[in-house]
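As a plain string of letters, each chain reads:
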Amino acid sequence: MARIGVIGGGAFGTAMACVLRRSGHATLVWAREPEVVAWINEEAINPLFLSGVRLAPGIAATNDLATATRDKDFILMAVPAQHLRGVAATMRPFVAAGTPVVTCSKGIERTTCALMSQIIAETLPGAPLAVLSGPSFAHDIAVDRPAGVTLACADPAVGERLAQAIGTPRFRTYLSYDVTGAPVGGVLKNVIAIACGVAMGRKLGESTRATLFARGLAEMARLGVAMGARLETFMGLSGAGDLNLSCNSASSRNTSLGIALGEGGNLQDILRARVTVQEGVHSAESVTALARRVGVDMPIVTAVDRVLNHGADVGEAIAQLLAHPYHFDRVTAGQDADAT
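(A) Inspection of the layout of surface pockets at higher detail. Taken as a whole, the second largest pocket spans an internal volume of roughly 580 Å³. Taken together, 27 residues line the second largest pocket, and the ones lying closest to its centre are L212, I300, I318, L321 and L322. Of all elements in the fold, only α8 (181–201), α9 (206–226), α14 (299–309) and α15 (314–322) reach the threshold of two or more residues within the lining of the second largest pocket. A breakdown of the residues in the lining of the second largest pocket according to their chemical character gives 20 nonpolar, four polar and three charged.

(B) Spotlight on helix α4 (residues 84–91). Every buried residue of α4 is listed here: L84, V87, A88 and M91. All buried residues of α4 fall inside an arc of 95° around its axis, so they share one side. Packing partners of the buried residues in α4 comprise β1 (3–7), β2 (26–30), α3 (65–69), β4 (74–77), β5 (101–103) and α5 (116–123).

(C) Up close: the pairing of β2. Taking burial as the measure, the five residues of β2 include four buried ones, the bulk of the element. Once the chain exits β1 it traverses helix α1 (residues 11–22) before rejoining the sheet at β2, and the crossover so formed is right-handed. One ladder, built from three bridges, connects β2 with strand β3 (residues 60–62); its direction is parallel. Residue pairing across strands places L28 opposite A60, the latter belonging to β3. In this fold, the crossover linking β2 to β3 by way of helix α2 (residues 34–43) has right-handed handedness.

(D) Highlighting the environment of Q278. For Q278, the location among the structural elements is in the loop between α12 (267–272) and α13 (279–294). Taking relative accessible area as the criterion, Q278 reaches 4% and is therefore assigned buried. In contact with Q278, not counting residues within four places along its chain, are R253, N254, L257 and L271.

Rules and cut-offs
- Residues numbered from 1 in each chain as written.
- Predicted model: local features only at pLDDT ≥ 70, side-chain atom pairs only at ≥ 80, totals over all residues.
- Heavy atoms only, no water.
- 1 Å grid on protein atoms, 1.4 Å probe; cavity = no way out; pocket = protein on both sides within 12 Å on 5 of 7 lines; lining within 4 Å.
- Points joined across faces, edges and corners; volume = space filled by probe spheres on them.
- Helix = DSSP H or I, 4+ residues; strand = E, 2+ residues; numbered from the N terminus.
- Nonpolar A, V, L, I, M, F, W, Y, C, P; charged D, E, K, R; others polar.
- Buried < 20%, exposed > 50% of the residue type's maximum accessible area, 1.4 Å probe, protein only.
- Arc of directions from axis to C-beta.
- Contact = heavy atoms within 4.5 Å.
- Right-handed = clockwise from strand over helix to strand, strands pointing away.
- Pairing = 2+ DSSP bridges.

Following this line, the structure appears as structure tokens:
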């Protein structure tokens, strides 16, 4: 039995606490909201972020970050991407050197364009790092439906130990060493899902959605390879798998936001009506800036950014995307993909 601190009492953090507790681990969740802590401790529920789910028995919760992180065998981070740096920096005095940290947050920091893995490396330099990413809706894994994820870790021994501790017969952990590619997939799937949602909201048809999915996957791979990731990572669970789940489901937070935009909704009104974070809204601008920095063409991401952050009309953005010049898409040197 491992002692695990789950940092973040939102939907995914709570769901991962269920996975870990079902495996017999001592699981302590840190949440900002006092009511979430009380619900988990007293009633084994989290109706604010994971309504309708009875949590695995024995999960405990706390508002004290020191208690949640001190003397743990490993720590799992599931806080919103834009808060990760601040939370990790606050944790630093309490995390013993050599304690592995697994990040589940899927996003990119707005001010720096840093991936979550890069933020952990900067703020907790003594911690072996792993990235957990893949097609896994919080509700599905909380109620123990089968799912598979990528667990990326540069240290094979640490990665194997974490994969064994986290994985179950119904929550499959597939080990990878690509700690750049796995988080890139998690970032891009949110942005592409918004584009697919817009297409669904505009009733442009399944062919359009499939085209956005495929071309979005190409954009994901181009950016990842330019940053040093392995191309094959994007054909796996943290790339095509996660993208497929988000882009095909109206229950995806980012896809549903895109649907509302495609139906004519106002972005700020849509966001005000929601409790949970739509990471694609925060990521679109930073990914566009990062793509310019590394010299990668990402027309779908750029179109989403223009709609979300620069006041572009949805119809105009679609028209400009359709007018994008045809060319060969060289994902890596010497390898030609589809003409776009």
